[in-house]
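Residue-level structural notes
Each chain is listed here by its residues.
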Amino acid sequence: MPQPLRVLVVALVTLAALLTGPACVPLGGQGETPPPAGPPAFGAYVGYDSTAVRRISELDGWVGKATPRVGRAFLPGDRWSRIEGEPGHLDHWAQWRKGHKDRMLVLNVPMLARNEAHLSDAYVRQELARGARGEYDEHFRVLARRLVALGVPDTVLVLGWEMNGITYTHRCGPDPATWKRYWTRIVQTMRAVRGQRFRFEFTPNRGRDAIPWTHCYPGDAYVDVIGMDAYDQPEGMPFEEQVHEPYGLAAHVRFAKKHGKPIAYPEWGLFRNGDNPEYVRGMLNWFARHRPLYQTISDYCPHGVWQCRDNPRSSSVYRSLTARPFG
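Residues numbered from 1 in each chain as written. Predicted model: local features only at pLDDT ≥ 70, side-chain atom pairs only at ≥ 80, totals over all residues. Heavy atoms only, no water.

Describing helix α6 (residues 137–149)
Put simply, the rule is: The helix count covers DSSP runs of H or I at least four residues long, the strand count covers runs of E at least two residues long, and both are numbered beginning at the N terminus. The length a helix should cover is 1.5 Å for every residue beyond the first. When accessible area is computed with a 1.4 Å probe and restricted to protein chains, residues below 20% of their type maximum are described as buried, those above 50% as exposed, and intermediate ones as partly exposed. The contact rule is simple, with two residues in contact once any of their heavy atoms fall within 4.5 Å.
A rise of 1.5 Å per residue sets the reference length of α6, with its 13 residues, at 18 Å; its end C-alpha atoms lie 18 Å apart and thus fit the reference within 8%. The complete set of buried residues in α6 reads Asp137, His139, Phe140, Val142, Leu143, Ala144 and Leu147. In this structure, the buried side of α6 is in contact with α3 (80–83), β3 (104–109), α5 (121–132), β4 (156–159) and α7 (176–191). Positive backbone phi, approximately 85°, marks Gly151, located one or two places after α6.

Written as structure tokens, this is what we have:
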């Protein structure tokens, strides 16, 4: 190819890349983690018991060409024995994960017992301090050993999720400094278990909520993935505002880029705005653009698109766009 023509072609290709890139969200930062190759891994929360594994295979049939590769479960936080992953609770998930090498198990792990008991800030501060002193180390050591013994040492652990809100006892707001020390201690304890290859995910609610989630970030040495739970709320908020609001979707991507971490979306779905296909289209296009480590919709009413029949228009969009990268 003649040199002037080669220069022109390079210039045109560069211009096209600039025009088609995600110009609406300025991103950048040092030490960025490259996005995973291929379409982003996806799945759905379809329950945490043994029947949920069967539902994943049924979801696979429903979406068509795309294959759900992510199984997401959680540990009930009512008592410490369950946070330890009591015998029998995780066996079916371990078997599913080991059924194919490219599958991913994502597990929500509460940081404190009585996690949904709506306890006072004073109680939360006391419990966080006990955890930061190491009084609860053994519970997380037991969990780590069980996951390794089950053959799932590479589980993604969504530890202390939605800490910037008020729903859970393991919330950050009452004492952010102690919360971060406690998170650090849990990660150190679990990483010390032989054979583990866990990835620890820091996952706030989208938006400011009770406290800016950046105030709770425990540091790059103790976080492997930066997630976000992002439901279609509050009422009347369009998707573009969810992107650009303070501590919203764009801020999440910028923060992760700055810290060199992959992003993820363990919980997302419809909510306050009903059957809203524009939200579903916006989220799926967001994932295609920013390529998270994984994304899992909460597939039950009012959030879901498969098990919930209340959202037929959104269901159609989800099914169509999920299959699109594979067509």
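Thoughts on the packing of helix α10 (residues 277–290) against helix α11 (residues 312–323)
What counts here: An axis is simply a line fitted to the C-alpha atoms; with a helix, the fit covers only the stretch in contact. Between two such axes, the angle follows the N-to-C directions and lies from 0 to 180 degrees. An angle below 35 degrees is read as roughly parallel, one above 145 as roughly antiparallel, one from 65 to 115 as roughly perpendicular, and any other as oblique. Two helices that cross are described as forming a left-handed crossing if the nearer one is turned anticlockwise from the farther one by less than a right angle, and a right-handed crossing if clockwise. Each residue gets one of three labels, nonpolar for Ala, Val, Leu, Ile, Met, Phe, Trp, Tyr, Cys and Pro, charged for Asp, Glu, Lys and Arg, and polar for the others, Gly among them.
Taken N-terminus to C-terminus, the directions of α10 and α11 make an angle of 20°; their axes are 8 Å apart at the nearest point. With respect to α11, the axis of α10 lies roughly parallel. Classified by chirality, the crossing of α11 by α10 is right-handed. Of α11, the residues touching α10 (which contributes Pro277, Val280, Arg281, Leu284 and Asn285) are Arg313, Ser314, Val317, Tyr318, Leu321 and Thr322. Of the residues contributing to the contact of α10 with α11, the split by class is six nonpolar, three polar and two charged.

Points about the pattern of salt bridges
To keep it simple, the criterion reads: Should a side-chain nitrogen of Lys or Arg be within 4 Å of a carboxyl oxygen of Asp or Glu, the pair is scored as a salt bridge.
By the definition in use, this model includes 17 salt bridges. Residue Glu86 is joined to Arg82 by a salt bridge in which the shortest nitrogen-to-oxygen separation is 3.3 Å. Judged by its relative accessible area of 23%, Arg82 falls in the partly exposed class. The partner of Asp224 in a salt bridge is Arg191, and the shortest N-O contact between them spans 3.3 Å. In this pair, Asp224 is assigned in the loop between β5 (199–202) and β6 (225–227) and Arg191 in helix α7, connecting sequence segments 33 residues apart. Via salt bridges that share partners, Asp78, Arg79, Arg82 and Glu86 belong to a single interconnected network.

Looking at the state of the cysteines
Inclusion rule: Put simply, a disulfide is two cysteine sulfurs that come within 2.5 Å.
Tallied over the entire structure, the rule returns two disulfides. Two residues share a disulfide in this structure: Cys172 and Cys216, whose sulfurs sit 2.3 Å from each other. Measuring the twist about the S-S bond at about -105°, one finds the Cys172-Cys216 disulfide to be left-handed. Of this pair, Cys172 sits in the loop between β4 and α7 while Cys216 sits in the loop between β5 and β6; the two residues are 44 residues apart in sequence, bridging distant segments of the chain. With respect to burial, Cys172 and Cys216 carry one shared label: buried. Two residues share a disulfide in this structure: Cys301 and Cys308, whose sulfurs sit 2.0 Å from each other. The chirality of the disulfide connecting Cys301 with Cys308 is right-handed, given an S-S dihedral of about 100°.

Points about the environment of Pro292
Counting through the fold element by element, Pro292 comes out in the loop between α10 and β9 (294–298). Spatially, the C-alpha atom of Pro292 lies 6.5 Å from that of Pro262, the residues being 30 residues apart in sequence.

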